[in-house]
Amino acid sequence: YHPHDTSRKSASLVVYNLVEAVRAGGNFLINVGPKADGSFDPLEQETLEAVGAWINANGEALYGAQTFEPVSEQPPGYYFGMWTRKGTRGYFTVTRWPESGEIVIPCLHTKANAASLLVSGDTIAFAQDDEGRLRFSGLPHAPPDPLGTVIKVEFQDEPRFDDRGGATWLDN
């Protein structure tokens with residue numbers, strides 16, 4: 001703690017860093033401590049409460065989650081968000097909402113059977129081609145949760161990315 005430190009992490013940045021840590025198989029420490037009088041900074045408390053509410057609503061995508069294989073620096077779809085998984089379920093946390101209402105995830109090696117918003121259960125329209133491109137369409141104009149909207153995907157088997165590497169999927 002330093003009384004003159006004015007750098008604060010937004011709730012959306014804390015959620016992003018948390019999901020990034022989980023998707024890479026790591027852990028995440030939030031370094032927040034009390035002031036000299038034992039109280040907490042109201043801005044930090046507000047951020048923690050917002051992140052806590054997000055975790056309460058979306059914890060299924062985090063607790064006990066595993067990485068997708070192969071784990072890479074920037075897995076397919078990284079521009080829009082990040083994947084975690086549990087068994088045959090994948091969780092795509094959208095951190096950059098598409099203006100077009102569509103997200104395309106290349107190189108998925110596993111067939112998707114269903115997609116829905118994790119919090120509401122609303123069905124998400126999707127299509128997957130023979131090359132493994134998974135396309136979510138008809139998404140709302142604004143993100144249902146500005147901190148990170150989670151799309152839950154039910155796969156036929158444990159989901160895996162195609163490990164061809166690079167952007168070779170663009171050649172098709």
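Everything in this summary refers to the structure shown in the same document. Within any chain, residue numbers begin from 1 and follow the written order of that chain's sequence. Confidence filtering applies because this is a predicted model: local features only for residues at pLDDT of at least 70, side-chain atom pairs given and counted only at 80 or more, and all residues used for totals across whole chains, interfaces and linings. Hydrogens and water molecules were not included; the side-chain quantities draw on all heavy atoms of the structure.

A short note on the sheet that holds strand β2 (residues 89-94)
Definition in use: Any two strands between which DSSP finds at least two bridges are classified as paired. The helix and strand labels rest on DSSP assignments: H or I over at least four residues marks a helix, E over at least two residues marks a strand, and numbering proceeds from the N terminus. Orientation is described by lines fitted to C-alpha atoms, with helices fitted over the stretch in contact, and by angles between N-to-C directions that extend from 0 to 180 degrees.
Spatial ordering of the open sheet is given by β1-β2-β7-β4, a layout of four strands whose pairing is antiparallel. Only two strands of the sheet have a single partner each, and these edge strands are β1 (81-86) and β4 (112-117). In this sheet, neighbouring strand axes are inclined to one another by 20° on average, regardless of whether the strands run parallel or antiparallel. Where β2 meets strand β7 (residues 149-155), six bridges bridge the pair, whose relative direction is antiparallel.

Some thoughts on a nonpolar patch on the surface
Operational definition: Only residues above 30% relative accessible area that lack a salt bridge enter a patch, with like-charged residues linked at up to 9 Å and the nonpolar side chains Val, Leu, Ile, Met, Phe, Trp and Tyr linked at up to 5 Å. Values of accessible area rely on a 1.4 Å probe in the Shrake-Rupley scheme; residue burial ignores everything except the protein chains shown. By definition, a salt bridge exists where a carboxyl oxygen of Asp or Glu is found within 4 Å of a side-chain nitrogen of Lys or Arg. Per-residue accessibility, obtained with a 1.4 Å probe over protein chains only, is compared with the maximum for each type, and a residue is labelled buried under 20%, exposed over 50%, and partly exposed between these values.
On the surface, Phe28, Ile30 and Leu48 cluster together to form a nonpolar patch covering roughly 220 Å² of accessible area. Mapping Leu48 onto the fold places it in helix α2 (residues 42-58). For Leu48, a relative accessible area of 34% puts it in the partly exposed group.

Observations regarding unusual backbone geometry
Working note: non-glycine residues mostly have negative phi, and peptide bonds are mostly trans. Even without glycine at this site, Cys107 takes up a positive phi of about 65°. Along the polypeptide, Cys107 turns up in the loop between β3 (103-105) and β4.

A short note on the side chain of Thr84
This is how it is decided: By the criterion applied in these results, polar contacts are pairs of N or O atoms within 3.5 Å in which, for protein atoms, one can donate a hydrogen and the other can accept it, and in which residues neighboring in sequence qualify only through two side-chain atoms.
Inspection of the secondary structure assignment puts Thr84 in strand β1. A relative accessible area of 1% means that Thr84 is categorised as buried. Here Ala61 takes part through its backbone oxygen, which lies 2.7 Å from a polar atom of the side chain of Thr84.

Digging into the nonpolar core
To keep things clear, this is the line we draw: Here the nonpolar core consists of buried residues drawn from Ala, Val, Leu, Ile, Met, Phe, Trp, Tyr and Cys, with membership extended through side-chain atoms lying within 4.5 Å.
Counting 20 residues, the largest nonpolar core has Trp83, Ile105, Phe136 and Ile151 as its most contacted members. For this core, the elements supplying multiple residues, two or more each, are β2, β3, β4, β6 (134-137) and β7. Ala61, Tyr78, Met82 and Val150 belong to the second largest nonpolar core, which has 17 residues in total.

So, the side chain of Arg85
This is how it is decided: We call two residues in contact when some of their heavy atoms are within 4.5 Å.
Within the fold, Arg85 resides in strand β1. The exposure class of Arg85 is buried, given its relative accessible area of 8%. Separated by 2.9 Å, the side chain of Arg85 and the backbone oxygen of Thr67 make a polar contact. Filtering out sequence-adjacent residues up to four positions away, Arg85 remains in contact with Ala65, Gln66, Thr67, Phe68, Gly90, Tyr91, Glu158 and Pro159.

Digging into the pattern of salt bridges
According to the stated counting rule, one finds seven salt bridges in the structure shown. When the shortest N-O distance is used, the salt bridge between Glu154 and Arg89 registers 2.9 Å. Of this pair, Glu154 sits in strand β7 while Arg89 is found in strand β2, placing the two residues 65 residues apart along the sequence. When its relative accessible area of 26% is taken as the criterion, Glu154 is described as partly exposed. Exposure remark for Arg89: the relative accessible area of 36% places this residue in the partly exposed category. Across the pair Glu102 and Arg135 runs a salt bridge, and its minimum N-O distance is 3.0 Å.

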